Amino acid sequence: MTSAAPSFRGRVLSGHNRISTQALTSLARSAAAEALGVDPHDVRADWADDDGLLALSLVSPIRIPPLTTVLRDAGRVAAFGGSIWDRTVDAKARILSTVTALSGARLSRVDIRISGVKPIEGGRVQ
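The structure presented is a predicted model; accordingly, all values stated were derived computationally and were not measured. (Residues numbered from 1 in each chain as written. Predicted model: local features only at pLDDT ≥ 70, side-chain atom pairs only at ≥ 80, totals over all residues. Heavy atoms only, no water.)

Caption draft 1: Main features of the side chain of Arg63. Relative to the helices and strands, Arg63 is located in strand E4 (residues 53-64). Despite being buried, Arg63 has no salt bridge partner; Asp39 is the closest side chain of opposite charge, sitting 4.8 Å away. Of note is the side chain of Arg63, whose polar atom sits 2.8 Å from the backbone oxygen of Gly37. (Helix = DSSP H or I, 4+ residues; strand = E, 2+ residues; numbered from the N terminus. Buried < 20%, exposed > 50% of the residue type's maximum accessible area, 1.4 Å probe, protein only. Lys, Arg positive; Asp, Glu negative; His and termini not counted. Salt bridge = Lys/Arg side-chain N within 4 Å of Asp/Glu carboxyl O. Polar contact = N/O pair within 3.5 Å; in protein donor to acceptor, adjacent residues only side chain to side chain.)

Given below as structure tokens:
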């Protein structure tokens, strides 16, 4: 996460900026929570080194429509953004993009393990 030193009225400012692991973890949990329709405290995030890049591993539940509602109207799955698989694949790209854009960190990948479901009434959660 280094870049050219910023200049200030023709001067180059020395030093460096660091984003703590705790701040990156909070950002990743928030991005995942938004993408999966859950609360950030429901998401667990871990980091690993992947040949100099960061690999993000997430464990989280995902919001789904109540199953009784789906039995009555299968279109509710589409209203929630598709199957759990499709929404998780979409969430990976959104989380990677959000974390990279907001932190400047270079991520190699985002791995998501769905740990459960949280039924919710209403429309699309994304």
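Caption draft 2: Quick look at unusual backbone geometry. The backbone of Asp51 sits at a positive phi, close to 55°, despite the residue not being glycine. Topologically, Asp51 is positioned in the loop between strand E3 (44-50) and E4.

Caption draft 3: Structural context of the nonpolar core. Among the nonpolar cores identified, the biggest contains 22 residues, and Leu56, Leu58, Ile95, Val99 and Val110 are the most heavily contacted of them. The set of elements that each furnish at least two residues to this core consists of helix H1 (21-36), E4, helix H4 (84-103) and strand E5 (107-119). Looking at this core element by element, the count peaks at 8 residues for H1. The residues contacting Leu58, other than those within four sequence positions of it, are Ala28, Ala32, Val43, Arg44, Ala45, Ile95, Val110, Asp111, Ile112 and Arg113. (Core = buried A, V, L, I, M, F, W, Y, C linked by side-chain atoms within 4.5 Å. Contact = heavy atoms within 4.5 Å.)

Caption draft 4: How the structure looks around H4. Between its first and last C-alpha atoms H4 spans 27 Å; for 20 residues at 1.5 Å apiece the expected length is 28 Å, and the two agree. Within the sequence span of H4, burial applies to Arg87, Thr88, Ala91, Ile95, Val99 and Ser103. Burial along H4 is one-sided: seen end-on, the buried residues are contained in an arc of 90°. Residues of H4 that are buried sit in contact with H1, E3, E4 and E5. (Expected span 1.5 Å × (residues − 1). Arc of directions from axis to C-beta.)

Read these as layout, nothing more, since geometry by itself doesn't imply function.
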